[in-house]
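Descriptive structure summary
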Protein chains: 2
Amino acid sequence: MANLKQLAQSLGLSITTVSRALDGYADVSAATRERVREAAEKTGYRPNASARRLRKQRAELVAVTLPSDPGHIGPPHFLDMLSGCAEHLAAAGLNLVIAPVPRGESELEICRRFVDGRRVDAMLLVRTKRRDERVEFLQSRGIPFVTNGRTESLVPHPFIDGDGFSGFRAATLRFHAAGHRRIGHIAGPQEYYFAHARCRGWQAAMEECGLAADLCAEGAPLEQGGYLAALELLRQPSRPTALVCATDEMAIGALRALREVDGGNQISIVGHDDLPMGAFTSPPLSTMRMTGENLGASFASLLLRAIAGEPAEELQEIHAIEFVDRDSHRRPPLAA
Amino acid sequence: MANLKQLAQSLGLSITTVSRALDGYADVSAATRERVREAAEKTGYRPNASARRLRKQRAELVAVTLPSDPGHIGPPHFLDMLSGCAEHLAAAGLNLVIAPVPRGESELEICRRFVDGRRVDAMLLVRTKRRDERVEFLQSRGIPFVTNGRTESLVPHPFIDGDGFSGFRAATLRFHAAGHRRIGHIAGPQEYYFAHARCRGWQAAMEECGLAADLCAEGAPLEQGGYLAALELLRQPSRPTALVCATDEMAIGALRALREVDGGNQISIVGHDDLPMGAFTSPPLSTMRMTGENLGASFASLLLRAIAGEPAEELQEIHAIEFVDRDSHRRPPLAA
DNA sequence: AAGATTCTCCAAAACGTTTTGGGAGTCAAG
DNA sequence: CTTGACTCCCAAAACGTTTTGGAGAATCTT
């Protein structure tokens, strides 16, 4: 039946006893515990979620905010990640609600609504900025949260992030080792931590090699942004022979730009994210990706531990970047 | 403050009056209404969601079940759809929770948990089967729901679906008009409605043209499934000159098979879904897609109307299929 | 001026659970 | 026979809101 009261009545017991029997407390005899369980099973009784949540002062929900830039909804493999995360949260009795950001409202406003309305026990933030007002707000409220991507916040918070700096440094050094000297970078918007870290990785490598880090163009983290940025670099008097792109989408746009200029098909290129379509571009796109299986499970675990009160310092994961070598990075260094 | 009680106390009013003032009832004077609103604004008061849900007997949540076949998490553009849906639901005070299906549990079990625990006001079902036990369960419980894809259920229910039958019939007729006579079909698992409808569309066209509908192979709706099914068709004594594939993923697998056999690059092919990577395959994949802007908004609207009690018959949308012509469908009909 | 109506406000109930703080029994030890 | 410990159960409070069913004061009607 619907009610605990009804179930109790039909058994001739108090609702206290029925409740405790179902929760497996020791202060109800094994006999009645079994009897109650059977009755509950037979009638298909499930406790009313709202009532429990009110009483236990827990929302049993975690919200993830979806960036609403159309067409660029989140990190690659985002849905797989969400699904895995939701599955592991569910095992702990938590459900994952998605919190899109309506036009004209800020992500901060959404966080406020969820947090101050006691709608969630924790939040999952995606696509962090270097200075992220959502992070500052959640920290001020003291509500548990985990971010996908670091921030420059002075007070530590839980996160999972790829080591973009090292990845892009290594990619640049690889090009240098292959003989390239004019290595360009197609950068994402620098207010995003991931974009900034990747740019710094490229810069660091160039400096180590004694090369000027001047072939850099910034654009939106989309195909179009990569296309425009690549065009800009190709107009330089001394063109790059290799291009390190902040994302695969930008790299795919850059490939389009390369097709449009003379000798462009001699320029090496590498992206980041390992988008499925990268395997089908021409040339097939060499790329990088964050290591780690089942990221969603990791996020879920971090969220649960944050809710349990573990200190933020112990809830930070930086994952190495691995290369996915296809064809686009092995053009000769002495092009056009 | 956190509490309605505290807010009322600080204003020297009863909680009744404060509650009604915030909800804009007319039986509180404009003066106090304004005073209450200001105080609420200043202290950042938001009603406790769990308490309101309990009292109003509404969960303010809608769940969408995620099919858990790894790597094939849902229809194309699924995340965009979810995001749009969540956004429009949010405007009506509902949040969207994602309900993944853990290994070893059935989707039916998940539905049961959500429905019987009063966790949701409605459900959104994805990837329907022809006979879908989730649909039967929800109908028996009388809880509102909308499906993405039709079923063969005798009692009508709300859905949004593409007109796969007509789309595949038309695609087949186009091949016939272009001179093709041996037109094969790479089919998805026939227990899914979409796969069955697309197969029937192909069959119908073949019959209309007086051709035998015998070049058909079924596979999993993935790249690998399409690859294997295509190889099977290519082994036939009288090979197809054109291939109509149930999904783009299968079509991409089929393209791989075509590359591996002599003369395979002379065979025409068309898919369905308009996956972004289709633009990058070689040859670029011709495909089809369901018409309609902002599908998520449509789902949200149907859900809200279903919750409001509109009869199912008025909540059924069949969208036309449109072609996306790239290169893969215009090979000469007289191949190998 | 009495009755009817309207305006403001409020006390209390209700939503369905979990948890607190015992209350009867029973049994063994003192 | 008392005491204490133990077992099994329960009444009542609490969670924070919305809604019901008025109450009292002011205003209008006649």
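Residues numbered from 1 in each chain as written. Chains lettered and ligands numbered in written order. Predicted model: local features only at pLDDT ≥ 70, side-chain atom pairs only at ≥ 80, totals over all residues. Heavy atoms only, no water.

On to the packing of helix α6 (residues 107–116) of chain B against helix α7 (residues 133–141) of chain B, then. All names here are of chain B. Contact geometry of α6 with α7 gives a least axis separation of 9 Å together with a crossing angle of 20°. The angle between α6 and α7 falls in the class roughly parallel. Handedness of the crossing formed by α6 with α7: right-handed. On the side of α6, the interface is formed by E107, L108, C111, R112, V115 and D116, while α7 contributes E133, R134, F137, L138 and R141. Considering only residue class, the contact of α6 with α7 consists of 5 nonpolar, no polar and 6 charged. (Axes fitted to C-alpha atoms, helices over the stretch in contact; angles between N-to-C directions. Helix = DSSP H or I, 4+ residues; strand = E, 2+ residues; numbered from the N terminus. Parallel < 35°, antiparallel > 145°, perpendicular 65-115°, else oblique. Left-handed = near helix turned anticlockwise from the far one by under 90°. Contact = heavy atoms within 4.5 Å. Nonpolar A, V, L, I, M, F, W, Y, C, P; charged D, E, K, R; others polar.)

Let us look at the environment of G264 of chain A. By the secondary structure assignment, G264 of chain A is in the loop between α11 (248–260) and β9 (268–270). Taking C-alpha positions, G264 of chain A is 9.0 Å from T241 of chain A, a pair spaced 23 residues apart along the chain.

The pairing of strands in a sheet happens through backbone hydrogen bonds and is either parallel or antiparallel. All names here are of chain A. Across the sheet, which stays open at both edges, the 4 strands sit in the order β7-β6-β8-β9 with parallel pairing between neighbours. Two strands bound the open sheet, and with one partner strand each, they are β7 (216–218) and β9. The mean inter-strand angle of the sheet, taken between neighbouring strand axes irrespective of direction, is 15°. Sheet topology note: the strand β6 (residues 183–187)/strand β8 (residues 242–245) ladder contains 4 bridges and is parallel. Directly across from I183, in β8, lies its bridge partner A242. Against the sheet, helix α8 (residues 164–177) makes contact with β6, β8 and β9, and its axis sits at roughly 170° relative to β8, the strand it touches most. Taken strand by strand, helix α9 (residues 193–208) contacts β6 and β7, and its axis lies near 165° from that of β6. (Pairing = 2+ DSSP bridges.)

Two numbers describe how helix α4 (residues 49–56) of chain A lies on helix α4 (residues 49–56) of chain B: the axes approach to 8 Å, and their chain directions differ by 140°. The handedness of the crossing between α4 of chain A and α4 of chain B comes out as left-handed. The segment α4 of chain A lies against α4 of chain B, with S50, A51, R53 and L54 of chain A engaging S50, A51, R53 and L54 of chain B.

Lining the immediate environment of DNA strand C, one finds 27 residues, of which L4, S19 and R55 of chain A together with T16 and T32 of chain B sit closest. In DNA strand C, atoms within 4 Å of the protein come from the sugar-phosphate backbone in 59% of cases. In the model, a phosphate oxygen of DNA strand C is placed 3.3 Å from a nitrogen or oxygen of the N48 of chain A main chain. Here Q57 of chain B contributes a side-chain N or O atom positioned 3.2 Å from a phosphate oxygen of DNA strand C. In terms of residue class, the surface near DNA strand C is made up of 10 nonpolar, 11 polar and 6 charged. (Near = heavy atom within 4 Å. Polar contact = N/O pair within 3.5 Å; in protein donor to acceptor, adjacent residues only side chain to side chain.)

Let us now look at the relation of the copies chain A and chain B. Of the transformation superimposing chain A on chain B, the axial component is 0.0 Å and the angular component is 180°, with the fit at an RMSD of 0.0 Å. Here the transformation between the copies is reduced to the relation of a two-fold axis. Of the interface residues in chain A, 100% have counterparts in chain B that sit at the interface too, so the contact is made through matching surfaces. (Least-squares fit on C-alpha atoms with pLDDT ≥ 70 in both.)

For the rest of this paragraph, the subject is the interface of chain A and chain B. With 45 residues of chain A in contact, the opposing surface of chain B contributes 46 residues. With both sides pooled, the region where chain A packs onto chain B buries about 4100 Å², and carbon together with sulfur makes up 60% of that total. Contact with chain B buries surface across chain A, with R46, L79 and F280 of chain A losing the most and accounting together for 18% of the total. Taken together, the links from chain A to chain B amount to 6 salt bridges. A salt bridge links R46 of chain A to E109 of chain B; its shortest N-O distance comes to 3.7 Å. For the pair chain A and chain B, the number of links is 6 residue pairs in polar contact (both at pLDDT 80 or more). If you list the elements that add at least two residues to the side of chain A that touches chain B, you get α4, β1 (61–66), α5 (78–91), β2 (95–100) and α6 (107–116) of chain A. No other element matches the 7 residues that α5 of chain A contributes to the side of chain A that touches chain B. Of the residues assigned to the side of chain A that touches chain B, the class counts are 23 nonpolar, 9 polar and 13 charged. Two strands pair when backbone bridges link them, and β2 of chain A and strand β2 (residues 95–100) of chain B are joined in this way by 3 bridges, in the antiparallel orientation. By the bridge assignment for β2 of chain B, V97 of chain A is matched with V97 of chain B. (Buried area = accessible area lost by both parts, 1.4 Å probe. Salt bridge = Lys/Arg side-chain N within 4 Å of Asp/Glu carboxyl O.)

This model, assessed by the stated rule, comprises 42 salt bridges over all chains. A salt bridge links E87 of chain B to R103 of chain A; the shortest N-O distance between them is 3.3 Å. Here R103 of chain A lies in the loop between β2 and α6 and E87 of chain B lies in helix α5 (residues 78–91), a pairing that spans two chains. Of the residues examined, E87 of chain B reaches a relative accessible area of 14% and is grouped as buried. Salt bridges linked by common partners bring R52, R53 and E60 of chain A together with R119 of chain B together as one network. (Buried < 20%, exposed > 50% of the residue type's maximum accessible area, 1.4 Å probe, protein only.)

Our focus in this paragraph is the protein's contact with DNA strand D. If you check the shell around DNA strand D, you find 28 residues, and the closest are T17 of chain A together with L4, S19, Y45 and R55 of chain B. For DNA strand D, the backbone portion of the atoms within 4 Å of the protein, that is sugar and phosphate, comes to 59%. Between DNA strand D and the protein, one listed contact pairs a phosphate oxygen with a side-chain N or O atom of Y45 of chain B at 2.7 Å. Taking R55 of chain B, its side chain carries an N or O atom lying 2.5 Å from a base oxygen of DNA strand D. For the surface near DNA strand D, the elements supplying multiple residues, two or more each, are α2 (15–22) and α4 of chain A together with α2 (15–22) and α4 of chain B. Residues belonging to the surface near DNA strand D are distributed by class as follows: 10 nonpolar, 11 polar and 7 charged.

Spatial relationships are all this shows, so hold off on functional conclusions.
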